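A look at the structure
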Amino acid sequence: MKYLEPLSRQVRLSDGAIPEADAVQERRLSDLAGLFADEAAESELIASNPLVYRVYDAAALPKEDGQLLFSTTVIQSGRVGDEFFMTKGHYHARADRAELYYGLSGQGILLLQTPEGRFEALEMVPGTAAYVPPYWGHRTMNTGEEPFVFLAAYPADAGYDYGTIARDGFAALVLAGADGPRVVANPSFVPTARAPKG
Ligand code: S6P
Ligand code: ZN
């Protein structure tokens, strides 16, 4: 039996960074082109191409059944029109894989949807543990004034399906309103009745 070595990583609570991260991915607004509802606001802001979020992949582990990956996501505070800065959003390529999010700092919303277009919005603050069930697409947004940081732990073979959301959009939008964030149905969303695949 060849055993993997146990490991730990420090998550810097002041800013969500993992200094020993195996990889850091940066997503700027140009990486999210076409995902925001207000196209005019998006193309105006793309000129300065702000950083929207970073993902710190904690450790290089085998991407196989039985392994767990973990990472932090740090979403900057900002808006495109009335829509909050957010992640691209994805289903898992192995759609039956679940995931756990844990809020570390700042505040945000975890938006989830089924391929048929049912959606749920979970508020996330420091200390919130949020469960992403199998088959639900998921996207997070920063609804506060500070960076929004959460830890994610997920099966290493989950993978990413970004294409479905890039093509169909998300069933709901989270918009800034006078009384705080509003979750509204997205009129441009095209539900995809997909047979669940495992
Ligand atoms: C992975 C997990 C997160 C996201 C990260 C960025 O399954 O859900 O680590 O990858 O929050 O979001 P996205 O949609 O750009 O991958
Ligand atoms: Zn995921």
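Presented here is an overview of the structure given in this document. Position numbers for residues count from 1 along each chain, tracking the sequence in the order it is written. Chains carry letters from A onward and ligands carry numbers from 1 onward, assigned in written order. Confidence filtering applies because this is a predicted model: local features only for residues at pLDDT of at least 70, side-chain atom pairs given and counted only at 80 or more, and all residues used for totals across whole chains, interfaces and linings. Here the side-chain values reflect all heavy atoms present in the structure, with hydrogen atoms and water set aside.

1. Remarks on the side chain of Asn 186
Our working rule: Numbered from the N terminus, helices here are DSSP runs of H or I no shorter than four residues, and strands are runs of E no shorter than two. Polar contacts, as used here, are pairs of N or O atoms within 3.5 Å; protein pairs need one atom able to donate a hydrogen and one able to accept it. Residues neighboring in sequence count only if both atoms are side-chain atoms. Whether two residues are in contact is decided by their heavy atoms, any of which lying within 4.5 Å being enough.
Structurally, Asn 186 can be placed in the segment after strand E13 (180-185). From its side chain, Asn 186 meets the backbone nitrogen of Ser 188 in a polar contact 3.0 Å long. Beyond its immediate chain neighbours, meaning those up to four positions away, Asn 186 contacts Phe 170, Ala 171, Ala 172 and Leu 173.

2. Digging into the pairing of strand E6 (residues 99-105)
Worth spelling out the cut-off: Each pair of strands is called paired provided DSSP finds at least two bridges between the two strands.
Alignment of E6 against strand E9 (residues 129-132), held across 4 bridges, turns out to be antiparallel. Looking at the pairing, Tyr 101 lines up with Ala 130 of E9. Across 5 bridges, the pairing between E6 and strand E11 (residues 148-155) is antiparallel. The partner of Tyr 101 across the bridge, within E11, is Ala 152.

3. A word on the coordination of the zinc ion (ligand 2)
To keep things clear, this is the line we draw: Donor atoms are limited to N, O and S found within 2.8 Å of the metal ion, a distance that becomes 3.2 Å for Na, K and Ca. With water left out, some sites might look partial. Working rule for geometry: tetrahedral if four donors all subtend angles between 85 and 135 degrees; square planar for four, octahedral for six, if opposite donors exceed 155 degrees and the others stay between 65 and 115; irregular in every other situation. Classification of residues uses two cut-offs on accessible area relative to the type maximum, computed with a 1.4 Å probe and protein chains only: under 20% is buried, over 50% is exposed, and between them is partly exposed.
Within the protein, His 90 (NE2), His 92 (NE2), Glu 99 (OE) and His 138 (NE2) serve as the donor atoms for the zinc ion (ligand 2), at 2.1 to 2.3 Å. Around the zinc ion (ligand 2) sit 6 donor atoms, and with donor-metal-donor angles ranging over 72 to 174 degrees the site reads as octahedral. Between consecutive donors of the zinc ion (ligand 2), the numbers of intervening residues give the motif H-x1-H-x6-E-x38-H. What makes His 92 buried here is its relative accessible area of 5%.

4. Focus: the sheet that holds strand E10 (residues 137-142)
Formally: The convention used is that axes are lines fitted to C-alpha atoms, helices contributing only their stretch in contact, and that angles between N-to-C directions extend from 0 to 180 degrees.
Pairing in this open sheet of 3 strands is antiparallel, and the strands run E8-E7-E10 from one edge to the other. Whereas interior strands pair on both sides, the edge strands pair on one side only; in this sheet they are strand E8 (119-124) and E10. Adjacent strand axes in the sheet meet at a mean angle of 20 degrees when their direction is disregarded. Here 6 bridges tie strand E7 (residues 108-113) to E8, and the two strands are oriented antiparallel to one another. Paired with Leu 112 across the bridge in E8 is Glu 120.

5. Notes on the nonpolar core
One recurring pattern in soluble globular proteins: nonpolar side chains tend to sit buried together. Stated precisely, the cut-off is as follows: The set of buried Ala, Val, Leu, Ile, Met, Phe, Trp, Tyr and Cys residues whose side-chain atoms join them within 4.5 Å is what this entry labels a nonpolar core.
Counting 37 residues, the largest nonpolar core has Tyr 101, Leu 110, Met 124, Met 141 and Phe 150 as the members making the most contacts within it. Among residues more than four places away in sequence, those in contact with Leu 110 are Tyr 101, Glu 120, Ala 121, Leu 122, Met 124, Ala 130, Val 132, His 138, Arg 139 and Thr 140. Counting residues in each nonpolar core, the second largest holds 8 residues, with Val 11, Ile 18, Ala 58 and Val 74 among its members.

6. Points about the site of ligand 1
Basically, it comes down to this: The rule for a residue being near a molecule or strand is that one of its heavy atoms must lie within 4 Å of it. Reported accessibility uses the Shrake-Rupley method at a 1.4 Å probe radius. Residues are deemed covered only where the shown protein chains occlude them. Amino acid classes used here: Ala, Val, Leu, Ile, Met, Phe, Trp, Tyr, Cys and Pro are nonpolar; Asp, Glu, Lys and Arg are charged; the rest, including Gly, are polar.
Inspection of the region around ligand 1 gives 17 residues, with Tyr 53, Thr 73, Glu 99, Tyr 101 and Tyr 162 positioned closest. Here an oxygen atom of ligand 1 sits 2.8 Å away from a polar atom, N or O, in the main chain of Gly 89. For ligand 1, the protein covers 97% of the area, taking 400 Å² as the surface of the free molecule. The set of elements that each furnish at least two residues to the shell around ligand 1 consists of strand E2 (51-57), strand E3 (68-75), E6 and E11. With 3 residues, E11 is the largest single contributor of residues to the shell around ligand 1. Here the residues of the shell around ligand 1 are counted per class, giving 8 nonpolar, 7 polar and 2 charged.

7. Points about the environment of Asp 57
Its location among the elements puts Asp 57 in strand E2. It is 6.9 Å that separates the C-alpha atoms of Asp 57 and Thr 72, two residues lying 15 residues apart in sequence. With near-sequence residues (within four places) excluded, Asp 57 lies in contact with Ala 21, Asp 22, Ala 23, Gln 25, Phe 70, Ser 71 and Tyr 154.

8. Here we look at unusual backbone geometry
Of note in this structure, Asn 49 is not a glycine but carries a positive phi near 40 degrees. The topology assignment puts Asn 49 in the loop between helix H1 (39-46) and E2. At Tyr 135, a residue that is not glycine, the phi angle is positive and equals roughly 80 degrees. Residue position: Tyr 135 is located in the loop between E9 and E10.

9. Some thoughts on the sheet that holds strand E1 (residues 23-28)
The strands making up a sheet associate through backbone hydrogen bonding, with each pair oriented either parallel or antiparallel. Taken together, 6 strands build an open sheet; the order of strands is E1-E2-E3-E11-E6-E9 and the sheet is antiparallel. Unpaired on one side and paired on the other, E1 and E9 mark the two borders of the sheet. Each neighbouring strand pair of the sheet contributes to a mean axis angle of 20 degrees, computed without reference to strand direction. As paired strands, E3 and E11 are joined by 8 bridges and run antiparallel to one another. Each residue of the ladder has a partner; that of Val 74, found in E11, is Val 149.

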